[in-house]
Amino acid sequence: MFGKGLITGMRVTLKHFFGKKETFCYPEEKLPMPERFRGGHLVIDYKKCIACQLCSMACPNQAIELKVVTDAQRKRHLTSYIHHMGRCMFCDLCIENCAIHGLHWDQNYEISAYTRDAFDYEVLTDDDRQYLKEVMEAAAANPAPPIVPKKPAAPKPAEAPKPEPKKPEENKETEVKPNE
Amino acid sequence: MENLTVGAAAEWIRSVILLILGNELLTDVVMKFVGLGACIGVILTAAIVLTYAERKVCAFMQVRLGPNRVGGRFGLLQPIADMLKLMSKEDIIPDGCDRIVWALSPMLLFVPSALIYGLFPFDEGVVFADVNVGVFLLLAISSQSVLPFLMGGYASNSKYAFIGGMRTVAQMLSYEAPMVFSLLGVVMITGSMRMTDIVAAQAENVWFVLLQPIAFIIFIISATAETNRTPFDLVEDESEIVAGPFAEYSGMRWALFFLAEYANLLSISILTTTFFLGGWHGPFLPGVFWFWMKVLFMVFVFMWFRWTFPRTRIDQMLSFSWKVLLPLALVNMMFTGIGVYVWRSMM
């Protein structure tokens, strides 16, 4: 029939007229990001973190700068976790390499800034620092016994002598700098 | 309910003016100006409401939200903002244009658009000039809007504007003919060219959309073409000739073109309502409510057309008018004549 296409078109537009609209009023409404969206700031589960520095080492651009401290119980903790977002290419390798699966993106896409310095983002929060302080104090109150190197009961000729483990220096910050 | 009609409102205004002036003749003169003011008020309100409505309808059909920032969640103040923007814009006069003709064009275009509002029956007895050749006068006046388009197009000294102006003439002349012949069917059944008689004839029997369905379709199509709306917006199509005759206008001059466009949109909706949808007649509610409900529905239909159909090519448009619509209108007129003759001889 002549004009059938016109009727079909009008039906489609009428359906859209009463249908749901796709627009998001952006600053008021935020677009929900998919689960695997890579972007925004890093978020770390600080209580789980073992300060293994695998994330920093995995980073191809050396965008993660860590400062690690060892407490009296010979456990390592992060004192600073700086994410240089200007260098980051959001490749997700740090997250894939995390030994405890405690690292993820906050999926916030509003991360533009006016200065380069603003891109050096400190991941640790005040809560994390408070937790660090508590853990350090608790560890200091109950320090681990110093490591005494075991003496071999009977000398075994085949075995090479073990190198003596160093006694950890308490509360000394070791800085892991990215290779420049 | 009786007090809600426009006629009652006019009577009340008249009594107030009579009380102030104390002279019958002077009151009649003043009442004429009140009527004029009401017609102009309708046009200006229409321009404000319809720009907003068009943007919303367009957005909704394109799965968007449309204006939603100025004036609350629904962007109700958007037309005001647009108006302020247009008024504060620079008035650019193109180099080498024919100054007088160029400046006259937007004003002259608005005249026929506004003038035909005097002939519309808005409600029982609410018509500024109930002329006995209403339909004829209406078509004569509305066809005058061809010339200002051509004037604007010619005087702008721009190729796009000139092509647009030429197209306007071709399009409006082509679609004038089927429109007139489709209306002749209505006039033949009514036996009168008076607008109020046409509405009254529909109140006695049925709406003419049922008696004259082909004429209704022809009228809708040619009315869309007459107002230069998609799918026949070849006069001002953005993708080919920038904005046609309006291409060189800015600010308030351009706004006048826009005002005329929306006045035309409203007037073809009013004409469709008057000729085919029974005018102000309807059960329960006062006439003026029925009238505006039907008119706004027709406005929605024309907007619906605009945001659904793609634009036709110029040769398609002209051949459609001369080869399809005009013969169809003539055949329809012939059969209506036979039908009316048979009906009258049977009575």
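Within an unreviewed UniProt entry, the label attached to chain B reads NADH-quinone oxidoreductase subunit H, and the organism entered is Schwartzia succinivorans DSM 10502. UniProt's Sequence similarities (unreviewed entry) comment on chain B is quoted here verbatim: "Belongs to the complex I subunit 1 family." According to UniProt, the comment filed for chain B under the heading Catalytic activity (unreviewed entry) is "a quinone + NADH + 5 H(+)(in) = a quinol + NAD(+) + 4 H(+)(out)".

As recorded by an unreviewed UniProt entry, chain A carries the name NADH-quinone oxidoreductase subunit I and is attributed to Schwartzia succinivorans DSM 10502.

Novice: An account of empty space enclosed by the protein is requested, with residue identities and associated values reported.
Specialist: Tallied over the full model, the rule gives five cavities of 30 Å³ or more. Size it by volume and the largest cavity reaches roughly 170 Å³. Sorting the residues of the lining of the largest cavity by element identifies helix H4 (99-115), helix H5 (134-142), helix H7 (159-190) and helix H12 (251-276) of chain B as the ones contributing at least two each. Taken as a whole, the second largest cavity spans an internal volume of roughly 120 Å³. Lining of the second largest cavity is provided by 16 residues; of these, Ile-44, Cys-49, Cys-52, Cys-55 and Cys-98 of chain A occupy positions nearest its centre.

Novice: Can you tell me about H7 of chain B, naming the residues and giving the values?
Specialist: The periodicity of an α-helix, 3.6 residues per turn, causes residues three or four places apart in sequence to face the same way. Residues and elements named next belong to chain B. For H7, which comprises 32 residues, the first-to-last C-alpha distance of 46 Å matches the rise-based estimate of 46 Å (1.5 Å per residue) to within 8%. The N-cap of H7, judged by a side-chain oxygen 3.4 Å from the amide nitrogen of Tyr-160 a few residues on, is Ser-158. At the exit of H7 stands Gly-191, carrying a positive phi of roughly 80 degrees.

Novice: Before we move on, can you summarise the pairing of strand S3 (residues 76-84) of chain A with the specific residues and values?
Specialist: Side-chain direction in a regular strand flips from residue to residue, so the side chains alternate between the two faces of the sheet. Residue and element names in this part refer to chain A. The buried count for S3 comes to seven of nine residues, which makes it a mostly enclosed element. Here seven bridges tie strand S2 (residues 64-70) to S3, and the two strands are oriented antiparallel to one another. Its bridge partner lying in S3, Val-69 is registered against His-77. Hairpin connection of S2 to S3: five residues between the antiparallel strands, including Arg-74 at a positive phi of 60 degrees. Here three bridges tie S3 to strand S5 (residues 120-122), and the two strands are oriented antiparallel to one another. Of the residues in S5, the one forming a bridge with His-84 is Asp-120.

Novice: Explain the pattern of salt bridges to me, using residue names and the numbers behind them.
Specialist: Residues and elements named next belong to chain B. Overall, the coordinates contain 13 salt bridges over all chains when judged by the stated rule. The partner of Arg-313 in a salt bridge is Asp-315, and the shortest N-O contact between them spans 2.9 Å. Taking relative accessible area as the criterion, Arg-313 reaches 49% and is therefore assigned partly exposed. Residues participating in the shared-partner salt-bridge network are Glu-54, Arg-229, Glu-261 and Arg-306.

Novice: Requested: an account of the side chain of Gln-212 of chain B, with residues and values cited.
Specialist: Residues and elements named next belong to chain B. Mapped onto the fold, Gln-212 is located in the loop between helix H9 (208-211) and helix H10 (213-226). Side chain to side chain, Gln-212 and Asn-332 meet in a polar contact 3.1 Å long. Excluding residues within four positions of it along the chain, Gln-212 makes contact with Gly-185, Val-186, Ile-189, Phe-276, Asn-332 and Thr-336.

Conventions we followed
Residues numbered from 1 in each chain as written. Chains lettered and ligands numbered in written order. Predicted model: local features only at pLDDT ≥ 70, side-chain atom pairs only at ≥ 80, totals over all residues. Heavy atoms only, no water. UniProt positions renumbered as here; feature names shortened; annotations may be inferred. 1 Å grid on protein atoms, 1.4 Å probe; cavity = no way out; pocket = protein on both sides within 12 Å on 5 of 7 lines; lining within 4 Å. Points joined across faces, edges and corners; volume = space filled by probe spheres on them. Helix = DSSP H or I, 4+ residues; strand = E, 2+ residues; numbered from the N terminus. Expected span 1.5 Å × (residues − 1). Polar contact = N/O pair within 3.5 Å; in protein donor to acceptor, adjacent residues only side chain to side chain. Buried < 20%, exposed > 50% of the residue type's maximum accessible area, 1.4 Å probe, protein only. Pairing = 2+ DSSP bridges. Salt bridge = Lys/Arg side-chain N within 4 Å of Asp/Glu carboxyl O. Contact = heavy atoms within 4.5 Å.

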